[in-house]
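Structure assessment
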Amino acid sequence: MSPQHPQPLQQLHYSRSSPDSAPRFTAASPDLPALLLGEIEPLLTYEPPDAVPVSAPPVPASPPVPAAPVTAPPVPAASVSLGPPPADSLAAGAAGGRPGAAAPRGGPAASAATGAPGASGSTPAAGASGPTPAVGASGPTHVSGASGSAHGSEPSGSAAAALRAAAVPSRGAAPRFPVVFGHHRLADGTRLLCRVVRTGDDPRGRRHPFHAHAVRLPPDGPLPGGLLPVEAWESPSWAERTPGTGVPEHLTALAPARRITKAGLLEFVRARAERLVPFLTDVRTLFRRPDAPQLLVIERDTDRIAHWIAVASAVLPRDLANRLTFTTYTRRPLLARQQIVGALPGAEFDYAHVAGDRRYRVHDCAGGHSSPARDDPDPWASVAARVLLADRPALFTEAVRLRTPADRDATHDAGRLAALALRDGIPLDAAGRTAAARWARFRATADRADRREPNPLLVPLLGALATAGPDRPPEEWAALAELAEFFAPLASQPPGERLRRDLRAELDRAAPGEPLTRVLGLARLAEALRADHTPVLTARLSAALLGDAAPDRDAVWAAVTAHPGLTAAVLGTLERTAATGDPASVVHLLTGGFPAKDLQRHPHLRMAAALADGSLPRPRRSPDDAEAGPRPGAPDGTGRSQDRIAFLAQLVRSAGRGQGANPSVLRTAFRLVWGSSPPTPAETAALLDALPAERHRAAGLDDVLVRSALESTPDDAEAPAAARILVLRCGPRLDPRRHAALLLLDQAGALADGQELPGFTARALSLREQARPLEPGIEDRLRQVLVRRLLFGDPCPDELAELAASGDEELLGAYAHEARGGGVDLALRRTPAFAAACFTAWHTAPGASGLWDDVRTTLLDDVLRPAVRFLPREHLDEIQQVLYEEDATWEELFQEWNRRPGVLGRLGALRRASRADRRAD
């Protein structure tokens, strides 16, 4: 077909001039395909909505805008124009030229009158404003569809309903009516571009006159003349009356309307900037998967909805923009099948009903609820929004042209667009800059592999990335590090100096512990920019060496040794780590094959190396250590026996000559042997004997040695001796609580050894009060030795009276518990002297405290009396003799306490009287 004879578009006009008139149906050809008629039949079935007041004045449609000349050759297409008649007028409409029978009201066509042909996708680039309905109006066409199938919606008839419903004027404003403009995909793959407008007013308020004009388009490609579907919005080519002759005028292309101008679209997106990124994120998903959710756009008039469609068409590649399906208005959005469905606030739609439905994404710009932001933000949407707000829509087309055969997927879509935006000076966020840097690396690598000339965009992009600002997240720095070799030529230029300054600031802010790959990347970037190493970079590299990424240590060390100054700095950092941090991590590094050379000036690293290479004989492990397992932080094979004292001395000697008096060397050697755990009390005592007080004090070992004594177990025999030495050496520098605890531990040792001095109970009670909260081991040890001393030691009434007067519930309870034990009962039955001592002890200090009175009364009645009751006469006489020798009053008290009723009691009394007479003689 030559351009001089373009094929006319297939058109369809469908209108109703009054409620009582028959619809007029005019087609360009009587043999319009039956498939097409089957697709549009549901559109011709219309069930009118509720009536509106008769007083609603008619509002004529907007006058057409003069058409611009179209010079491009038209594309062969079928054209259809349609509109909704009353159901009872379908027969007349069919007689007007449409083959096939019309469906009666309530039939299949009527029941399907809520949708229209399907859609698969297309992108608008420009449009035109149309009549605007009153806020809250519900009304006309609902055209919906999906690729490969068509479903009845509420098209032209719905359009008439919307027009009629919108006829209610708002206060202070003339009524405005929606324009239904839709792009649909039919079941046979062809497309339908349709416009429905109100042409008058129904005096009875039931049905407004309307006119529908449609053209049929081929499956793919732009409109004749190269227009996008949305650019036909309010085109002057759309007719608002059915041709009186019944034959449509010759139409080869739709004239562009130019109603959505570049300035108008910029003003529109800036007014809705907060909704731009969520909308663009959803637009991007429309063609990425077949089950992409529909976009429900709710605005106060169809002109604004057309602007949203124009935004979507502007950002999509042109081939996708041509396939984008949409409708500017439908009364029932949930029954539509277009990709973008427009509706007014009064549409039959409830946000709560679709809030959890993944089939829809709602963008309500009329004050209602919108779908929440997606969990996975799309960097492309953020960049695209900034491009639109900067009035650079041409960058979308340029970004498509930048695609290469190796870049056909969507991986670098955001990066290409972001690179162009940065080139044009559009400021981007960190995600956009990161995407641009990654695309630049990808493109440079691909150009090099294909032996192509470097992309001319690379140089200005590197300059823009270098001067973007210091507030860069780790992901952006990682992307910049991948471009290190390309930044090298900029090192002496202002952008390179700016990036070098930002890099130093980033290194000064970051703490050690960064992932290894990021550390190496920053090191490469610093090398390319000729930036001197910083202490923070050194710390980060050292932290990477000390981490668990053993397979990458060679790469780190290779990066470090490339710079002698950096090598010395890293060794210095490792030396400080061994001296003040965790020396076991340095041993682990050296054990893993780290080059242990050039350590002459690093005594702490020399000790770690000696421990790592096994040059020192390891101490033997004691049986207790074998059962308990290795101590945390101690090197393998290091036991807790006395051999560790000798091993400590060997480590100190391996540090080098003259290092023995260095307190930090002693401290590091101590931590290499014992880790973070304290030594045993026996080892503490041995260390205190081997080291002068000033050496372990300067090394900061006093606290850990004190802790070893305080945390000892109750049965550790060496702990009191270690506590005694610590009190002598460290007492003045200890806080009062720990000082009192050490004194109490020493006192407990003296009680256990029988070396206590008089007044030990009062001292123990006083120290115990000062040492609170007392360590459990010392508490248990004191309770055991004090109770056993008061029960089984030499009688000490004053000490027991001191305890009784204290009313100490724990100690008196322990005393009573021990007195009820089997050992006391056995001693009472076998040793009369012990029984006599218990009798006097449990009669001591009556009334000293209520608790003591309860304890002693219970012990006399429940422990001593049952034991004495079954003693032989000889043992009773011996008990009385011991008590008499102590004080005759005690013997009388015992006789009175042990008096038995009956004959046996009288005989006992006679015998006691006889003995008393003999003693008197």
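Residues numbered from 1 in each chain as written. Predicted model: local features only at pLDDT ≥ 70, side-chain atom pairs only at ≥ 80, totals over all residues. Heavy atoms only, no water.

The next point concerns the overall build of the protein. The helix and strand tally for the protein stands at 41 helices and twelve strands. Of all 921 residues assigned to the protein, the portion counted as buried reaches 54%. The long-range fraction of contacts in the protein, counting pairs at least 24 apart against all pairs at least 6 apart in sequence, stands at 74%. Accessible area of the protein: about 39600 Å², with a carbon and sulfur share of 54%. (Helix = DSSP H or I, 4+ residues; strand = E, 2+ residues; numbered from the N terminus. Buried < 20%, exposed > 50% of the residue type's maximum accessible area, 1.4 Å probe, protein only. Contact = heavy atoms within 4.5 Å. Areas by Shrake-Rupley, 256 points an atom, 1.4 Å probe, with all protein chains shown as cover.)

Attention now goes to the nonpolar core. Counting residues in each nonpolar core, the largest one holds 169 residues, and the members touching the most others are Phe279, Leu280, Ile340 and Phe487. With eight residues, helix H7 (residues 302-315) is the largest single contributor of residues to this core. Ranked by size, the runner-up nonpolar core spans 43 residues in total, among them Leu811, Leu812, Ala835 and Trp897. (Core = buried A, V, L, I, M, F, W, Y, C linked by side-chain atoms within 4.5 Å.)

The first and last C-alpha atoms of helix H38 (residues 850-869) sit 27 Å apart over 20 residues, in line with the 28 Å expected at 1.5 Å per residue. Its maximal kink placed at Leu860, H38 deviates by approximately 35°. Among the residues making up H38, those that are buried are Trp852, Val855, Arg856, Leu859, Leu860, Val863, Leu864, Ala867 and Val868. Packed against the buried residues of H38 are helix H34 (797-806), helix H35 (809-819), helix H36 (822-830), helix H37 (832-841), helix H39 (873-886) and helix H40 (888-897). (Expected span 1.5 Å × (residues − 1). Bend = angle between axes of the 7 residues up to and from the residue.)

Turning next to the packing of H36 against H38. Here H36 crosses H38 at 35°, and the two axes come no closer than 9 Å. In terms of crossing hand, the pair formed by H36 and H38 is right-handed. Where H36 abuts H38, its residues Val824, Asp825, Leu828 and Arg829 lie against Val863, Leu864, Pro866 and Ala867. (Axes fitted to C-alpha atoms, helices over the stretch in contact; angles between N-to-C directions. Left-handed = near helix turned anticlockwise from the far one by under 90°.)

Before going further, it helps to spend a moment on the packing of helix H31 (residues 736-753) against helix H32 (residues 760-770). Remark: H31 packs on H32, axes separated minimally by 8 Å, with the N-to-C direction vectors making an angle of 150°. By the angle between their directions, the pair H31 and H32 is classed as roughly antiparallel. Regarding H31 and H32, the two cross each other, and that crossing is left-handed. Residues Arg737, Ala740, Leu743, Leu744, Gln747 and Leu751 of H31 pack against Phe760, Arg763, Ala764, Leu767, Arg768 and Gln770 of H32. Tallied by class, the residues present in the contact of H31 with H32 amount to seven nonpolar, two polar and three charged. (Parallel < 35°, antiparallel > 145°, perpendicular 65-115°, else oblique. Nonpolar A, V, L, I, M, F, W, Y, C, P; charged D, E, K, R; others polar.)

If you walk through the whole model with that rule in mind, you get 49 salt bridges. In this structure, Asp424 engages Arg423 in a salt bridge whose closest nitrogen and oxygen atoms are separated by 3.0 Å. Taking the relative accessible area as the measure of exposure, Asp424 reaches 29% and is therefore partly exposed. Owing to a relative accessible area of 31%, Arg423 belongs among the partly exposed residues under this scheme. With a shortest N-O distance of 3.2 Å, Arg448 and Glu485 are connected by a salt bridge. Linking Arg448 in helix H13 (residues 430-449) with Glu485 in helix H16 (residues 484-487), this pair joins segments that are 37 residues apart in sequence. Given the relative accessible area of 43%, Glu485 is considered partly exposed. (Salt bridge = Lys/Arg side-chain N within 4 Å of Asp/Glu carboxyl O.)

The next subject is the pairing of strand E6 (residues 180-185). Along E6, six of the six residues are buried, which leaves the element largely enclosed by surrounding structure. Along E6, one buried face is formed by Val180, Gly182 and His184 and the opposite face, lined by Phe181, His183 and Arg185, is buried too. Strand direction decides the pairing type here: E6 and strand E7 (residues 191-198), joined by six bridges, are antiparallel. Within E7, the residue paired with Phe181 across the bridge is Arg195. Where E6 folds back on E7, the antiparallel hairpin that results is connected by five residues, among which Gly189 adopts a positive phi of roughly 95°. Taken together, the two bridges between E6 and strand E10 (residues 326-327) define a ladder with antiparallel strand orientation. (Pairing = 2+ DSSP bridges.)

Once that is clear, we can look at unusual backbone geometry. Cis geometry marks the peptide bond from Arg772 to Pro773, where omega comes out at -5°. By the secondary structure assignment, Pro773 is in the loop between H32 and helix H33 (776-792). A positive phi angle, near 60°, is found at Asp391, a position not held by glycine. Structurally, Asp391 can be placed in the loop between helix H10 (379-389) and helix H11 (394-401). The phi angle at Ala845 is positive, at roughly 50°, despite the residue not being glycine. Checked against the element boundaries, Ala845 lands in the loop between H37 and H38. For Ala845, a relative accessible area of 24% corresponds to the partly exposed category.

All right, on to the packing of aromatic side chains then. Each aromatic ring pair is specified by the distance between its two centres and by the angle formed by the two planes. Tallying each qualifying case throughout the model produces twelve aromatic pairs. Seen from their ring centres, Phe268 and Trp308 are 5.1 Å apart, and the 80° between their planes marks the pair as edge-to-face. Residue Phe268 is located in helix H5 (residues 262-271), and its partner Trp308 is located in helix H7; the two are separated by 40 residues in the primary sequence. Taken as a pair, Phe268 and Trp308 share a single burial class, namely buried. Arranged with centres 5.7 Å apart and planes meeting at 10°, the rings of Phe792 and Phe834 form a pair that is stacked. Of this pair, Phe792 sits in helix H33 while Phe834 is found in helix H37, placing the two residues 42 residues apart along the sequence. (Phe/Tyr/Trp six-rings, centres within 6.5 Å; stacked < 30°, edge-to-face > 60°.)

The buried fraction of strand E12 (residues 360-364) is high, at five of five residues. Burial along E12 is two-sided: the residues Tyr360, Val362 and Asp364 and Arg361 and His363 are all buried. Judged from the five bridges that link them, strand E9 (residues 294-298) and E12 form a sheet pairing that is parallel. Residue Leu295 lies in a different strand from E12, and its bridge partner there is Arg361.

A word on the environment of Ser370. One can find Ser370 in the loop between E12 and H10. For the pair Ser370 and Arg275, spaced 95 residues apart in sequence, the C-alpha separation works out to 9.3 Å. Only 2.9 Å separates the side chain of Ser370 from the backbone nitrogen of Asp364, close enough to count as a polar contact. (Polar contact = N/O pair within 3.5 Å; in protein donor to acceptor, adjacent residues only side chain to side chain.)

It is worth spelling out H32 at this point. Residues of H32 that are buried: Phe760, Thr761, Ala764, Leu765, Leu767 and Arg768. Tucked inside the fold, the buried residues of H32 contact H31, H33, H34 and H35.

Next up on the list: the side chain of Asp702. Its place among the elements puts Asp702 in helix H29 (residues 702-710). Judged by relative accessible area, Asp702 falls into the buried class, the value being 10%. Side chain to side chain, Asp702 and Arg733 meet in a polar contact 3.4 Å long.

Turning next to the confidence of the model for the protein. The predicted model of the protein has a mean per-residue pLDDT of 77, with 74% of residues at 70 or higher. Considering only residues more than four positions removed or in separate chains, one finds that residues 902-910, a stretch of pLDDT under 50, has two contacts. (pLDDT = per-residue confidence, 0-100.)

For Glu506, the location among the structural elements is in helix H17 (residues 494-509). A residue is classified by how much of its surface remains accessible, and Glu506, at 11% relative accessible area, is buried. Considering only alpha carbons, one finds Glu506 and Pro473, 33 residues apart in sequence, at a separation of 9.3 Å.

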